[in-house]
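Here are the chains, one letter per residue:
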Amino acid sequence: GLDTKVKAIIKSVKKAKAGDYENRIEIKGNDEFAVLGNELNELCIIQLKTEEMRRRFVSDASHELHTPLASIKLLSDSILQTPDMGPENIKEFLLDINNEIDRLTRISGKLLQITRFDDLEGKTSLTPLDLKPIIDEVCRMLKPFAAATNRKIRCELAPDCIVSANFDLVYQIFYNLIENALKYGGENRTVYVYLYKRDGQAVVIVDDEGEGIPEDDLLKIFDRFYRVDKARSRTTGGTGLGLSIVKSAVHHCNGTVEAQNRKSGGARFIVKFPLH
Ligand code: ADP
């Protein structure tokens, strides 16, 4: 009867309130109570997934922070426990410690960016923006980094590609993508950036001439902390967070991002935003 259905729903809501998202209601028939029961079940499933994601994020983040901390501890212990260590050796160990601290700084900086995006979620902070000057500015900022290793950036950017976006997010997106293209594109190589309009969208392509990305990893590289080659990425100072930031930022601006391999070798990243 009606009474038992309402009671079953109240019981289930109370369980969910207490944190039991595994509980499911089963209400027979197809009246409004059955619909309500199903909605409640779906809400519990979403909550369960969110919790799982949060748990994984905290566990991954702790792991990523733990590794450099463990190195720093090992290095400083070595210095302290070797009374007759020469200044040359001490200096070498301090350089390693310094590198690990830089790494921790990069990770915590990116983690801060991520929480800032999570706060932005749902809030509208989008304004009409021309993409060309922003990408030009990113390239200007990355020029010294590129020049230091003999890499070049070539841009072909169309004017008047106006999209609904947020300046900081757009800057972050292309800074991360072009920096990656320079990092993974190889020395003495060129990174190509294109911007044009197509089918009501602004399209940005970032191409490099590196080794590209294994086919199986093309989707996974956007996951938080995911790195194709942990060892190689470590020497390039990678955190595995850059592309997850790109993905959140692009979605916030109602755009899409995708990774491909170029036929001629190298990786290609395609970002699309609806034109304003
Ligand atoms: P990272 O800080 O490690 O660069 P990202 O999230 O920016 O983290 O990238 C994740 C992984 O994707 C990198 O570790 C790298 O293996 C791969 N990747 C990203 N961009 C490129 C690229 N242009 N060419 C080849 N591999 C790439």
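A quick note: this is a predicted structure, and the numbers were derived from the prediction, not measured.

J.: Looking at this structure, how should I read a nonpolar patch on the surface?
T.: A surface patch of nonpolar side chains, amounting to about 250 Å² of accessible area, comprises Leu-2, Val-6 and Ile-10. The exposure class of Ile-10 is partly exposed, given its relative accessible area of 43%.

J.: It is not clear to me how the sheet that holds strand S7 (residues 267–274) should be interpreted in this structure. Could you clarify?
T.: Across a sheet, paired strands are connected by hydrogen bonds in the backbone, their directions being either parallel or antiparallel. Taken in spatial order, the 5 strands line up as S2-S4-S5-S7-S6 in an open sheet, and their pairing is mixed. Two strands lie at the open edges of the sheet, namely strand S2 (152–157) and strand S6 (256–261), each paired on one side alone. Pairwise comparison of adjacent strand axes, ignoring direction, gives a mean angle of 15° for this sheet. As paired elements, S2 and strand S4 (residues 190–198) share 6 bridges and run parallel to each other. Its bridge partner being in S4, Glu-156 is matched across the sheet by Tyr-194. Across the face of the sheet, helix H7 (residues 242–252) comes into contact with S6 and S7 while running at roughly 140° to S6.

J.: How should the site of the ligand be read in this particular structure?
T.: By nearness alone, 20 residues border the ligand, and Asn-180, Tyr-184, Asp-208, Thr-239 and Leu-243 come closest of all. Val-228 is positioned such that a nitrogen or oxygen atom in its backbone is 3.2 Å from an oxygen atom of the ligand. Backbone polar atom of Leu-243 to an oxygen atom of the ligand: 2.8 Å apart, as the coordinates give it. About the coverage of the ligand: the protein hides 98% of its 530 Å² of free accessible area. Listed by contribution, the elements that provide at least two residues to the shell around the ligand are helix H5 (167–185), H7 and S7. Top element by residues in the shell around the ligand is H5. It accounts for 4 residues. When grouped by side-chain class, the residues that make up the shell around the ligand number 10 nonpolar, 7 polar and 3 charged.

J.: What should I look at first to understand the packing of aromatic side chains in this one?
T.: We describe a pair of aromatic rings using the distance from one ring centre to the other and the angle between the two ring planes. On inspection of all chains with the given rule, the structure shows 5 aromatic pairs. Among the aromatic residues, ring-to-ring pairing joins Phe-167, Tyr-171 and Tyr-175 into one connected group. Positioned above the aromatic ring of Phe-57 is the side chain of Arg-224, whose terminal nitrogen or guanidinium carbon lies 4.6 Å from the ring centre.

J.: Which parts of the structure should I look at to understand H7?
T.: Residues lying three or four places apart along an α-helix face the same way, a consequence of the helix completing one turn every 3.6 residues. The buried fraction of H7 amounts to 8 of the 11 residues, a majority that puts the element mostly inside the structure. Taken residue by residue, H7 has Gly-242, Leu-243, Ser-244, Ile-245, Val-246, Ala-249, Val-250 and His-252 as its buried positions. Following H7 by one or two positions, Asn-254 has its phi on the positive side, about 60°.

J.: Would you explain the packing of H5 against H7 in this entry?
T.: Angle between the axes and distance between the axes: these two values describe a pair of packed helices. For the pair H5 and H7, interaxial distance at closest approach is 9 Å and the crossing angle is 145°. Regarding H5 and H7, the two cross each other, and that crossing is left-handed. Contacts from Leu-169, Ile-173, Asn-176, Leu-177 and Asn-180 in H5 reach Gly-242, Leu-243, Ile-245, Val-246, Ala-249, Val-250 and His-252 in H7. Broken down by class, the residue content of the contact of H5 with H7 amounts to 8 nonpolar, 4 polar and no charged.

J.: I would appreciate a short explanation of the side chain of Asn-41 in the present structure.
T.: Positionally, Asn-41 belongs in helix H2 (residues 32–81). Excluding residues within four positions of it along the chain, Asn-41 makes contact with Asn-23, Arg-24 and Ile-25.

J.: Teacher, can you tell me more about the environment of Lys-230 here?
T.: Secondary-structure assignment places Lys-230 in helix H6 (residues 230–235). For the pair Lys-230 and Asp-130, spaced 100 residues apart in the sequence, the C-alpha separation amounts to 36 Å. Non-local contacts of Lys-230, meaning those with residues more than four positions away in its chain, are made with Glu-64 and Phe-225.

J.: Explain the pairing of strand S3 (residues 162–165) to me, please; I cannot follow it from the model alone.
T.: Looking down a regular strand, the side chains alternate between one sheet face and the other. The alternating pattern of S3 places Val-163 and Ala-165 on a buried face, while none of Ile-162 and Ser-164, on the opposite face, is buried. As judged from the 4 bridges shared by strand S1 (residues 127–130) and S3, these two strands associate in the antiparallel manner. Across the sheet, the residue bridging to Asp-130 is Ile-162, located in S3.

J.: Would you explain the nonpolar core in this entry?
T.: The nonpolar side chains of a soluble globular protein tend to be buried, and buried together. Counting 51 residues, the largest nonpolar core has Ile-135, Phe-174 and Ile-178 as its most contacted members. Of the residues forming this core, the biggest block, 9 residues, is contributed by H5. With residues near it in sequence (within four places) discarded, Ile-178 still touches Ile-135, Val-138, Cys-139, Leu-142, Ile-153, Val-191, Val-193 and Val-206. Counting residues in hydrophobic clusters, the runner-up holds 6 residues, among them Ile-72, Leu-75, Met-85 and Ile-97.

J.: How do you make sense of H2 when you look at a structure like this?
T.: For H2, spanning 50 residues, the distance from its first C-alpha to its last is 72 Å, which sits close to the expected 74 Å at 1.5 Å a residue. Three or more residues of H2 are buried, namely Ala-34, Gly-37, Leu-40, Asn-41, Cys-44, Ala-61, Glu-64, Pro-68, Ile-72, Leu-75 and Ile-79.

The rules we used
- The residue numbering used here restarts from 1 in each chain and proceeds along that chain's sequence as written.
- Selection of residues for local features in this predicted model requires a pLDDT of at least 70, selection of side-chain atom pairs for listing and counting requires 80 or more, and totals for whole chains, interfaces and linings are taken over all residues.
- Neither water nor hydrogens contribute to the side-chain values; these are computed over all heavy atoms in the structure.
- Nonpolar side chains (Val, Leu, Ile, Met, Phe, Trp, Tyr) are joined into patches within 5 Å and like charges within 9 Å, using only residues with over 30% relative accessible area and no salt bridge.
- The Shrake-Rupley method, run with a 1.4 Å probe sphere, supplies the accessible areas, and residue values consider only the shown protein chains as cover.
- Each salt bridge in this description consists of a side-chain nitrogen of Lys or Arg and a carboxyl oxygen of Asp or Glu lying within 4 Å of one another.
- Think of it in three bands: residues with accessible area under 20% of the maximum for their type are buried, residues over 50% are exposed, and the middle band is partly exposed, with areas taken using a 1.4 Å probe on protein chains only.
- Whether two strands pair comes down to DSSP finding at least two bridges between them.
- Helix and strand assignments come from DSSP, with helices taken as H or I runs of at least 4 residues and strands as E runs of at least 2, each series counted from the N terminus.
- Every axis in this analysis is a line fitted to C-alpha atoms, fitted for helices over the stretch in contact. Angles between the N-to-C directions lie between 0 and 180 degrees.
- We call two residues in contact when some of their heavy atoms are within 4.5 Å.
- Being near a molecule or strand, for a residue, means having at least one of its heavy atoms within 4 Å of it.
- Polar contact criterion, stated in full: a pair of N or O atoms within 3.5 Å, where within protein one must be able to donate a hydrogen and the other to accept it, and residues adjacent in sequence count only if both atoms are side-chain atoms.
- For this classification, the nonpolar set comprises Ala, Val, Leu, Ile, Met, Phe, Trp, Tyr, Cys and Pro, the charged set comprises Asp, Glu, Lys and Arg, and every other residue, Gly included, is treated as polar.
- Aromatic pairing here means that ring centres of Phe, Tyr or Trp (its six-membered ring) are within 6.5 Å. Orientation follows from the plane angle: under 30 degrees is stacked, over 60 is edge-to-face, and everything else is tilted.
- Distance and angle both matter: a charge sits over a ring if NZ of Lys or CZ of Arg is within 6 Å of the ring centre and within 35 degrees of the ring normal.
- Crossing handedness: left-handed means the near helix sits turned counterclockwise from the far one by under a right angle, and right-handed means the same turn made clockwise.
- What is meant by a nonpolar core is a set of buried Ala, Val, Leu, Ile, Met, Phe, Trp, Tyr and Cys residues, joined one to another through side-chain atoms within 4.5 Å.
- By this rule the span expected of a helix is its residue count minus one, scaled by 1.5 Å.

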